[in-house]
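One letter stands for each residue in the lines below.
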Amino acid sequence: MQANHPNHKTTAKSIYRPKTAAAVILLGLGLLAAAMASSIIYGASNIKLSTIWEAFVRFDADSTQHQIIQRLRMPRALAAALIGGSLAVSGAIMQGMTRNALASPSIMGVTAGASFMMSIGFAFMESPSITALMLLSFAGAGLGAGLVLLIGSLSKRGLTPVKLALAGSAVTALLSSISSAIAIRFNVAKDISFWYAGGVSGVQWVNVKLLIPVAIVGLLIALALSRSITVMSLGEEVATGLGQKTGTVKFLGTLVVLLLTGAAVAVGGTIGFVGLVIPHIVRFIVGPDYRLIIPCSAVMGALLLVFADVGARMINPPFETPVGAITAMIGVSFFLYLARREGRGL
């Protein structure tokens, strides 16, 4: 049975809403700026807004607060925005290409695969660099996605949404278990615990500098593919009939997902459900055209994760709640709703 793409039945007026999308992007960017300012202000020690301005225009290397702003909180806020946007765009592309309402990096085994390869890196490499971890994360993301698609394709009735979700859950559990066994066997549990929990508390400028080019390249390719993904979301037969080179689109789309998710996991760990929730919300607001969904998802995903990171610091101060736990609380109920709705076609 072929998976139904969400909001497939739309009226002609609802197909393209550029004004709505522009409003979402402008409002989202404004809120994102406020969220990033809050991320810099709040923490173990709160910082005044005037001090942030001084750290930008008149940086004082002898000021502890200026050092905290420049070396800790600014890269943290930027990383949260980049990771959230990357995961949201990855989820949007996966949902569009597969016409699967449940597709997202965390559910389809991509995130777990990336974390699995990183655990191998910690176990068998001495002090792996962030570049090495990122390359391992890319490879692991491909491994996780490949296993899910392989298992899902063994089904007699085809790749239904719930079967892919079940295959993703199985692969995620398998790879997570193996990662835990590797961590215990090679005594690297402390090294990879950060990636298990998911968060941006330990991010430094070196991480951000590697994340920025990957995120920009991935987003640009995603925008270039957006029209083709819109056609793909109508069904592969329709896309082929319209002259779409579906194989090329799938290859490039998969490459974008692996790049964005791999980089996000290498820097922020296993932060789930951003790629599931955000594309659905955006699609509901701006319609099913991926020329609008992808840029809006990037902004909204960044906004969600920056706010989640701020909330993680405020729940139980001075301790920090893992950001992955915050996004999971939001995403699990949303996933159950979608699984129940799509499960009718199981």
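Residues numbered from 1 in each chain as written. Predicted model: local features only at pLDDT ≥ 70, side-chain atom pairs only at ≥ 80, totals over all residues. Heavy atoms only, no water.

### Comments concerning the side chain of Arg283
Structurally, the position occupied by Arg283 is in helix H11 (residues 274-286). For Arg283, a relative accessible area of 1% translates into the label buried. A polar contact is formed between the side chain of Arg283 and the side chain of Gln95, at a distance of 2.9 Å. (Helix = DSSP H or I, 4+ residues; strand = E, 2+ residues; numbered from the N terminus. Buried < 20%, exposed > 50% of the residue type's maximum accessible area, 1.4 Å probe, protein only. Polar contact = N/O pair within 3.5 Å; in protein donor to acceptor, adjacent residues only side chain to side chain.)

### As for the pattern of salt bridges
Taken as a whole and judged by the stated rule, the model has four salt bridges. Residue Arg76 is joined to Glu320 by a salt bridge in which the shortest nitrogen-to-oxygen separation is 2.7 Å. One end of the pair, Arg76, is in helix H3 (residues 64-98); the other, Glu320, is in the loop between helix H12 (290-314) and helix H13 (323-342), with 244 residues separating them in the sequence. On the basis of relative accessibility, which here comes to 7%, the residue Arg76 falls in the buried class. For the salt bridge of Arg291 with Asp289, the shortest nitrogen-to-oxygen distance reads 2.7 Å. On the basis of relative accessible area, Arg291 is assigned to the partly exposed category, the value being 30%. Residue Asp289 is classed as buried on the basis of its relative accessible area, which comes to 3%. (Salt bridge = Lys/Arg side-chain N within 4 Å of Asp/Glu carboxyl O.)

### Some thoughts on the nonpolar core
Of all hydrophobic cores here, the largest spans 92 residues; its most connected members are Ile83, Ile93, Ile229, Val274 and Val286. Per-element accounting of this core gives the leading share, 15 residues, to H3. (Core = buried A, V, L, I, M, F, W, Y, C linked by side-chain atoms within 4.5 Å.)

### Considerations on the environment of Thr230
Mapped onto the secondary structure, Thr230 falls in helix H8 (residues 205-232). Expressed as a C-alpha distance, the spacing of Thr230 and Gly241, which sit 11 residues apart in the sequence, is 14 Å. Dropping the residues within four chain positions of it, Thr230 is found in contact with Pro288, Asp289, Tyr290 and Arg291. (Contact = heavy atoms within 4.5 Å.)

### A few points about the packing of aromatic side chains
The full count for this structure, using the stated rule, is one aromatic pair. Positioned above the aromatic ring of Phe186 is the side chain of Arg185, whose terminal nitrogen or guanidinium carbon lies 5.2 Å from the ring centre. (Phe/Tyr/Trp six-rings, centres within 6.5 Å; stacked < 30°, edge-to-face > 60°. Lys NZ or Arg CZ within 6 Å of the ring centre and 35° of its normal.)

### Some remarks on a nonpolar patch on the surface
Among the surface-exposed residues, Ile212, Ile216, Leu220 and Leu223 lie close enough to one another that they form a single nonpolar patch of about 330 Å² accessible area. Structurally, Leu223 can be placed in helix H8. For Leu223, a relative accessible area of 34% translates into the label partly exposed. (Patch = residues over 30% accessible without salt bridge, like charges linked within 9 Å, V, L, I, M, F, W, Y side chains within 5 Å. Areas by Shrake-Rupley, 256 points an atom, 1.4 Å probe, with all protein chains shown as cover.)

### Things to note about the packing of H8 against helix H10 (residues 246-268)
Here H8 crosses H10 at 150°, and the two axes come no closer than 9 Å. Between H8 and H10, the angle is such that the two are roughly antiparallel. Crossing hand, H8 versus H10: left-handed. Within the contact between the two elements, H8 uses Asn207, Leu211, Val214, Ala215, Gly218, Leu219, Ile221, Ala222, Leu225, Ser228, Ile229 and Met232 and H10 uses Thr246, Val249, Lys250, Leu252, Gly253, Val256, Leu259, Leu260, Ala263, Ala264 and Val267. (Axes fitted to C-alpha atoms, helices over the stretch in contact; angles between N-to-C directions. Parallel < 35°, antiparallel > 145°, perpendicular 65-115°, else oblique. Left-handed = near helix turned anticlockwise from the far one by under 90°.)

### Digging into unusual backbone geometry
In the Ramachandran plot, Arg99 falls in the positive-phi region, its phi being about 55° despite a non-glycine side chain. Within the fold, Arg99 resides in the loop between H3 and helix H4 (110-124). Residue class for Arg99 comes out buried when judged on its relative accessible area of 9%. A positive phi angle is found at Asn187, which is not glycine, with a value near 55°. As for its position among the elements, Asn187 is in the loop between helix H6 (161-185) and helix H7 (189-197). A relative accessible area of 69% places Asn187 in the exposed class.

### Some words on the side chain of Arg313
You can see Arg313 is positioned in helix H12. A polar contact is formed between the side chain of Arg313 and the backbone oxygen of Ser39, at a distance of 2.6 Å. Separated by 2.5 Å, the side chain of Arg313 and the backbone oxygen of Tyr42 make a polar contact. Arg313 has contacts with Ser39, Tyr42, Gly43, Arg76, Phe319 and Glu320, leaving out every residue within four places of it along the chain.

### Let's talk about H10
An ideal rise of 1.5 Å per residue puts 33 Å on 23 residues; H10 measures up with 32 Å between its terminal C-alpha atoms. Looking one or two residues past H10, Gly269 carries a phi angle of roughly 80°, positive in sign. (Expected span 1.5 Å × (residues − 1).)

### Structural notes on the packing of helix H1 (residues 18-41) against H3
Relative to each other, H1 and H3 sit at 145°, their axes nearing to 9 Å. Our pair here, H1 against H3, has a crossing hand that is right-handed. Counted together, Leu32, Met36, Ser39, Ile40 and Ile41 of H1 and Ile69, Arg73, Met74, Ala77, Leu78 and Ala81 of H3 form the full contact between these two elements.

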